[in-house]
Amino acid sequence: MVIDSLEFARRHGRLPGRLELGQLPRLADGLFDAKGNLDFAVSGEMKVKAGGEEYSLALSIDGMLRLICQRCLGALEYPVRIRSRLILVQPGAPWPDETLEDDIGEAIEAGRELDLMPLLEEEILLSLPIAPRHATCAAPGNPAATGETSPFAKLAQLKRN
Ligand SMILES: [Zn+2]
């Protein structure tokens, strides 16, 4: 998973594969279990522009993860679909204006031995919700889940009487 990034972009390289969730420790921390799957593809791109060539990597990641619902602590199936672009900045070259990064992509240093795994993991982590929850579920032990009247509803009733 280590590429010479500029060379990879120059020859329009393409590297597809499947991520092993067990190999992504930072991501694994937030997962219910490792039953999900993620396919990725990294494509090298080179564009000739007025100021010189622009090298970039296009990342795509698709699949399904099982996150932990922050309300019931159960498994929450979460579809992943990421499309992002990383601009390769050559050593000594000017760093792109940060305000431009939203439009053209995030800038990273163009390493000759660029490890893709941490980059892909970072993109996945950034795409996940901070507090994932099922659309409908209840906290464990909450009577609302079984159809009984919640203590709050009872309290509201008392107040009305
Ligand atoms: Zn839930």
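Look a little higher up for the structure.
The following paragraphs examine the structure supplied in this document. None of the values given here were measured: they were computed from a predicted structure.

1. Points about the overall build of the chain
If you tally the helices and strands in the chain, you get five helices and seven strands. Scanning the chain from its N terminus toward the C terminus, one meets helices and strands in the order β-α-β-α-β-β-β-α-β-β-α-α. Considering the chain as a whole, with its 161 residues, one finds that 16% of them fall into the buried category. A sequence separation of at least 24 residues applies to 60% of the contacts in the chain between residues at least 6 apart.

2. So, the pairing of strand β3 (residues 37-49)
Pairing of strand β2 (residues 14-19) with β3 involves six bridges; the strand directions are antiparallel. Bridging from a neighbouring strand, Gly-17 pairs with Phe-40 of β3. Where β3 lies against strand β4 (residues 52-68), 13 bridges are found, and the strand directions are antiparallel. Bridge pairing in β4 links Val-42 to Leu-59. Counting the residues between successive antiparallel strands, the hairpin from β3 to β4 contains two residues.

3. Concerning the environment of Glu-77
Relative to the helices and strands, Glu-77 is located in strand β5 (residues 75-89). Residues Glu-77 and Leu-67 lie ten residues apart in sequence; the distance between their C-alpha atoms is 6.4 Å. Aside from chain neighbours lying at most four places away, what touches Glu-77 is Met-64 and Arg-66.

4. Considering the nonpolar core
Counting 19 residues, the largest nonpolar core has Leu-19, Phe-40, Leu-57, Leu-59, Ile-61, Leu-88 and Leu-120 as the members making the most contacts within it. Those elements giving two or more residues to this core turn out to be α1 (5-10), β3, β4, β5 and α4 (116-127). The residues touching Ile-61, leaving out its near neighbours within four places in the chain, are Leu-38, Phe-40, Val-80, Ile-82, Leu-120, Glu-123 and Ile-124.

Conventions and cut-offs
- Residues numbered from 1 in each chain as written.
- Predicted model: local features only at pLDDT ≥ 70, side-chain atom pairs only at ≥ 80, totals over all residues.
- Helix = DSSP H or I, 4+ residues; strand = E, 2+ residues; numbered from the N terminus.
- Buried ≥ 20, exposed ≤ 12 C-beta atoms within 10 Å, placed from the backbone.
- Contact = placed C-beta atoms within 7 Å.
- Pairing = 2+ DSSP bridges.
- Core = buried A, V, L, I, M, F, W, Y, C linked by C-beta atoms within 7 Å.

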